Structure formats: structure tokens, C-alpha cells
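So the chains spell out like this:
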Amino acid sequence: MLAIAVAVLTMNQDTVINPGQTLTRSTVVKRQTYVFPNDNEVGSGAAVIIQGDDITVDFSGALLRGSSEATEPDARKGTGIYVEGKNVTIKNANVRGYKIGLLAKNAPGLRVIDCDFSYNWKQRLLSTLESEDGSDWMSYHQNEKDEWLRYGAAIYLRGCDGFEVRNCTAEGGQNGLMMTECNGGLVWNNDFSFLSSLGIGMYRSSKNRIMHNNVDWCVRGYSHGVYNRGQDSAGILIYEQSNDNVFAYNSVTHGGDGFFLWAGQTSMDTGKGGCNGNLLFGNDFSHAPTNGIEATFSKNTFVNNLLLECWHGIWAGYSWETKVIGNTFGLNAEGIAWEHGQDNQIVYNIFDKDRNAISVWQKDSEDPNWGYSKNRDTRSRNNTIAHNTFRDLVGPVIRASRSFELHVLNNTFMRTGLLFATEKELDGFKLEGNKYFLSQWHARPLGLNDGEFVIDQKYAPPATPMEPSGNLRPAAEATGAEYLRQFQVGWSPFVTDSSSTQNDVVRPWAPARLHGGKVPFLKPNELRGRKYVLVDEWGPYDFKYPILWPRSTANIKRKESSGSLLEQHFEVLGPKGKWRVAQTRGVSSVSAYSGTVPGTFVARVEGGQASDVLIELEYTGGATTDDRGV
């Protein structure tokens, strides 16, 4: 008779956990609220500690709370969960009110699944709608000794090769998922949005896949029409020798930067290494106050991404052998800015309604003591701009200065302003095979005869889409469905089976979509655009509670008298519902006393000067959640 032995994994059922408890075997935690205050923020303790190999802890939806809901975000402290061991799985945990939600060290094979780490610690910002405060700037340049922990994190991983983070949420805090020395991991189907600094951060981490995530509105340092600084916030940040990662099919909109890559201090000192071999494919990096993609001192590949309404679509200072293929740019102050770049390719992209498309240049001199320039050739040289389409640009379309062997080949210029702004030292400049469909008001292209381009006699210059200062003000601010209708027609993050120039060019670079991977991109009916980057003292507004937001003001002279009115325009935002004016003080009139959300109205103040003004609205509608998570 054949005897068959069956090993059955038994788990502690419905365990009620205690503060500071260490779990060393698979456990199902009883679903309830656990209020476990904690002070440890250095990775040596936590409210709950998990240690061991090959174990699963299922929190069953239990809530682990480090402080009360009423605690201000910058007063929250401690660590919720600490993990050590191989092949540990954490499931269905809700962790609130700590500085660090989950911290794992030396935990290869870690899996964090279906967890919510929202509304943990974040700084109180000192920048206002009127002016920036420099103390709000971030710095992630060093993390050899876990310096990043000072900024908190929903999830912080160190030394967790082969990890997986899936279907997790982190909103209303400062940082989402932060990784150091983590390789070969998978981050997918998560939502790390509405954070006041970073959605995803990587340091010395390579060969990871970041796919199908929402990383929207990770931003600070912005006041619409007043200043756009970003303060080194970003949707995705990778620093210091992080190589061969794949970022695909993510929505990374409305971030300080969409994607921020820096080679690291090692490269600055030696000229060696970098964050190299990273692929960005099929992501939406639109509406960044600073750069949709910033990638410096490295070589990477950017294919089929969407970059709308940024200061720069791509800033790529000192990058080399970088490929920019088949991306869509629109409404940017500048599409691509490339300082001191070598052997780069900008090919098969679309530039639509940007102010300027591409700038390529180098400075007159470098710091002789700078390690990077002492050990590398940093000239602007051997760059190619080919097979791109430029349309409805104010111009100049291409700026070039002190750039050698710059080749502009087989591009199409349609309805543009000034084509080229060239200054000094352009040895080896080549202009061949381009097609020009221009207006009668352009400046003649370099080296072209009248018969080499077509003039459109009916065409008139477009209104300047962006202010040259970098404070971006589209002539007609398109939002929501209008943005998608005007600028996403023809762009898809996914490659189709049909044969077209765009599909054929980007198809070889397309990563396989993950089975079950979500489509995270903003829907046509959702608000989008720089005007909806609304930052207050606790970071980006998330539309989950009603708010009265000031828009434009105007002093209106009255015809019937020498007096004037100050008109203040407001936008009412939040969950769908109704609003009405409950009370006012110092206001002579309002244009409407009730309405629906979203909505607008105008308040008028006599004498053209506002002082001691109160406008209070009452909201009736759906459920709300404020910036503390209440």
C-alpha cells in the first residue's frame, strides 16, 4: 500500500496581536483596529515585528494605527510594521498614523499585497499661493545610511531582492514606496498618488519592473500662474547607479517632475557609472511643473511616452547615447532641452503646440575641479534629430549653440514659427531631407532656397501657448476630455497589431503587458491640467473633500463713478454635490449663492481692495476624506 504524506501549512487563526509583538510564523490577524503608538524610526523596532523565513501574515483588513485621526500629519511618528527574513508575505494590512508604514531590511522575496499605507507622516509646507519658501525643497542625494528615512515612507525596502509590491495604496502622506539596494523586483497595480514628495524612489536598485501603476499628483512647490518650482518632488525618482529598470504603462501626471533620474554622487566625483539602461515605455508624464522626464549624466531609452504641458518635456543634461523614440510632446514651454549631450538620438517624435521643440547646447566652460568633466568628454556633439514631426509651434523650433556634428534629417515642419535659432560654433551642422510646410511669416530656414519649402498663405501664427518665463499659461486652458481630445488623439500607451510608422518604430521596445495589469491612465471625464495642481500647507489637494480655491483677480473700474470693484474668481471643487453661500463678510456681492460641485463664482469687494473678508460655503453631497484621512 502506497502511503502519501501531505504537508499542510497551518496558520494561527484570528490572532489578536499586541503592541511590539514579534510574529515568527504564518498568522491570520483578527480584523479589528489596533492602536499601537511607536517611536522607532531607525529600523530597529516597530509596532509589529515580523521575523522569519517562508511565512505569511494576513492582516485580514485590520487597521494598525500609530496615532489618532486628529493628530496633525507632521506629528505622526514611529514605524508600523518591521520585516526581516526570506520570502515573507504581508497581506491586507491597513497602516495609518506613523512616520514609516512598513520597513523591511534584508528581506529577499518579500511580497506586500493588497495593503493600504495612506495618511501617514508628511511635513507642513511653508510655501504659499503667493510665494515659495526655500525650506520646502527636498534632497535625496544621499542614502548610504538610510538618510531618506527622515522624510518618512509608506513602504521602505532595503536589501529586498526579488520583492513584489502589488495592489497597494499610499495617499495623503509624503513618500510612497522607497527602495535601496533592491534588485529584480516587481511593482505593479499600485496607487501611490497625492503625496507631497515622491511616489516611488529608488537608490542603487536595478533590474526592477515598475508597471501599471498610478503615481499622480506627487508634487509640492507650485502655485498656478505664480511660480513652478517642484522643489525636487517627483512621481518616480531613481538615483545613484540604478540600472536596467523598466517603467511601463504608468500614469505619472501632475508631479513636480514626472520622472527624475540622476546618476549619483559617485558619477559626479569620478565620471564613471550612472543610472544606465533604463527603459521608459508607454507612460503619461504630463502636467509637471518642471520636467516630464529629467534624466542626467546617464544613458537610457524613452519610447512612446506622453508629455503634455510641462516646463520641459525632457531635460537631459550631460546624457549620452540616449534614445528618444516615438514620444508625443505638446503644450510644453520646451519639448527637449539637451545640455552637453553626446551621441543622442531624437527620432520619430511628435511635437505639437510647444513653444520651442528642441534646444541643444553646451556652456562656454566647465569647472576645472569637477570630477565628472575631468574624466569625461562633455562636449555637445554627434546628436541626431531625425524623422520627427513639428507642428503649430511658436518657435524657434530648434535652438543650437556650441554643438558639433548636429544632424537634422528627414523631419517634417508644419505651421511653425522661426525654424532655427543658431548661435556660435556649429561645426559639422547638417540639414538634409527635411520637409517644410510653413507660413509666410517664418524666417527662411538655413541654407534653403525658395523652391525647397511650401508657404501656407492662409496660415496665421498661433497664440503663444506658454510664457517664456516658464510660468506656463496655455492661451486656452484645456482640461479633462478636451485635453485628451486635442492632444492624445493618436497616442496610445499600448502597441496595436496594425502596421503604421509609429507602431512599427516603437514595437521592438514594448515590454509585454502583465496579465491582470490595470490600465491606470486618467479618464476623459477626470480633471487634468496644470491648473489642477493645487498645493496647500499639507501638499497636493486630492479632490476628496470640498474646497474653495481662489483663481484670478481683477480690479474693475466703474463707469458711473471713480470707485472700483475687486473681483475674485473662485472654483468650488470636491466630490459631486451641492454648495450654497452660508455667510460672507466684507463682500459686496457674489455672482451666485448656490450651485453644484464642481462650480465657479465671483465675489466682489467695494473699493478695489480686500481686507477682513470671509466667504463660507456649506456643502451637501457624497462622503468626504480630509487631508488627515478623516
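A. Local environment of the overall build of the protein. Broken down by element type, the protein carries four helices and 52 strands. Of all 630 residues assigned to the protein, the portion counted as buried reaches 57%. For the protein, the proportion of contacts with a sequence separation of at least 24, taken over those separated by at least 6, is 57%. Total accessible area computed for the protein in this model is approximately 25,100 Å², and 48% of it derives from carbon and sulfur atoms.

B. Geometry of the packing of aromatic side chains. Applying the stated criterion across every chain yields a total of 31 aromatic pairs. Pairing W217 with F543 gives two aromatic rings, centres 5.7 Å apart and planes at 75 degrees, and the pair type is edge-to-face. Of this pair, W217 sits in the loop between β18 (209–211) and β19 (222–223) while F543 sits in the loop between β47 (539–540) and β48 (547–557), and the two are 326 residues apart along the sequence. By the burial criterion, W217 is buried, and F543 matches it. Ring pairing ties together the aromatic residues F194, W217, Y532, Y541, F543 and Y545, which thus form one cluster. Positioned above the aromatic ring of F494 is the side chain of R513, whose terminal nitrogen or guanidinium carbon lies 3.6 Å from the ring centre.

C. Quick peek at the pairing of strand β15 (residues 175–180). Across the six residues that make up β15, a large majority, six, are buried. With four bridges joining them, strand β13 (residues 153–158) and β15 adopt parallel strand pairing. The residue of β15 that forms the bridge with Y156 is M178. Taken together, the five bridges between β15 and strand β17 (residues 198–203) define a ladder with parallel strand orientation.

D. Examining the confidence of the model for the protein more closely. When pLDDT is averaged along the protein, the result is 89, and 88% of the positions lie at 70 or above. In this model, residues 440–444 is a region of pLDDT below 50 whose contacts with residues beyond four sequence positions or in other chains number 17 contacts. When the criterion is pLDDT under 50, residues 446–478 qualifies, and its contacts beyond four places in sequence or with other chains add up to 78 contacts.

E. Fine view of the side chain of N245. In this fold, N245 is placed in the loop between β21 (234–239) and β22 (246–248). For N245, a relative accessible area of 0% corresponds to the buried category. Side-chain polar atoms of N245 contact the backbone oxygen of S205, separated by 3.1 Å. Not counting residues within four places of it along the chain, the set of residues in contact with N245 comprises M202, S205, S206, K207, N208, G277, N278 and L279.

F. Focus on the sheet that holds strand β10 (residues 94–96). The sheet built from three strands is open, its strands ordered β4-β7-β10 with parallel pairing. Every other strand in the sheet has two partners, leaving β4 (33–35) and β10 as the edge strands with one partner each. Strand-to-strand, the axes of this sheet are offset by a mean angle of 15 degrees, without reference to chain direction. Pairing of strand β7 (residues 63–65) with β10, which is carried by three bridges, proceeds in the parallel orientation. Bridge assignment links R65 to a residue of β10, and that residue is R96.

G. The arrangement of the side chain of D136 in detail. Secondary-structure assignment places D136 in the loop between β12 (111–113) and β13. The charged side chain of D136 is buried without a salt bridge, its nearest counter-charge being R220 at 4.8 Å. Within the structure, the side chain of D136 is placed 3.0 Å from the backbone nitrogen of L126, a separation counted as a polar contact. Once you skip the residues sitting within four places of it in the chain, D136 turns out to touch R124, L125, L126, S127, R220 and Q231.

H. Spotlight on the nonpolar core. Within the largest apolar cluster, 83 residues are counted, with the highest numbers of intra-cluster contacts made by I50 and L157. Ignoring sequence-local partners within four residues, the contact set of I50 consists of L23, I55, V57, F59, I81, Y82, V83, E84, V88 and I90.

I. Broad picture of the pairing of strand β25 (residues 291–296). Across the six residues that make up β25, a large majority, six, are buried. The pairing of strand β23 (residues 257–262) with β25 spans four bridges and is classified as parallel. When the bridges of β25 are listed, F259 appears paired with I293. Inspection of the sheet shows β25 paired to strand β28 (residues 312–315) by three bridges, in the parallel sense.

J. Inspection of the pattern of salt bridges at higher detail. For the coordinates displayed, the defined rule picks out 30 salt bridges. The partner of R111 in a salt bridge is E164, and the shortest N-O contact between them spans 3.1 Å. Taken together, the positions of R111 in strand β12 and E164 in strand β14 (residues 164–166) put the pair 53 residues apart, joining distant regions of the chain. With its nearest N and O atoms 3.0 Å apart, the salt bridge here joins R507 to D504. Exposure remark for D504: the relative accessible area of 37% places this residue in the partly exposed category. A single network of salt bridges, built from pairs that share partners, joins E72, D74, R124 and E537.

K. Spotlight on the environment of V347. Relative to the elements of secondary structure, V347 occurs in strand β32 (residues 345–347). The class of V347 is buried, set by a relative accessible area of 11%. In sequence terms V347 and L409 are 62 residues apart; their C-alpha atoms lie 9.5 Å from each other.

L. Inspection of unusual backbone geometry at higher detail. Going from V597 to P598, the amide bond is cis rather than trans, its omega being 0 degrees. In this structure, N189 takes a positive phi of about 60 degrees despite not being glycine. Positive phi, close to 60 degrees, is recorded for D244, a residue that is not glycine. Its place among the elements puts D244 in the loop between β21 and β22. Note on D244: relative accessible area 41%, which makes it partly exposed.

Reading the values: rules and limits
Residues numbered from 1 in each chain as written. Predicted model: local features only at pLDDT ≥ 70, side-chain atom pairs only at ≥ 80, totals over all residues. Heavy atoms only, no water. Helix = DSSP H or I, 4+ residues; strand = E, 2+ residues; numbered from the N terminus. Buried < 20%, exposed > 50% of the residue type's maximum accessible area, 1.4 Å probe, protein only. Contact = heavy atoms within 4.5 Å. Areas by Shrake-Rupley, 256 points an atom, 1.4 Å probe, with all protein chains shown as cover. Phe/Tyr/Trp six-rings, centres within 6.5 Å; stacked < 30°, edge-to-face > 60°. Lys NZ or Arg CZ within 6 Å of the ring centre and 35° of its normal. Pairing = 2+ DSSP bridges. pLDDT = per-residue confidence, 0-100. Polar contact = N/O pair within 3.5 Å; in protein donor to acceptor, adjacent residues only side chain to side chain. Axes fitted to C-alpha atoms, helices over the stretch in contact; angles between N-to-C directions. Lys, Arg positive; Asp, Glu negative; His and termini not counted. Salt bridge = Lys/Arg side-chain N within 4 Å of Asp/Glu carboxyl O. Core = buried A, V, L, I, M, F, W, Y, C linked by side-chain atoms within 4.5 Å.

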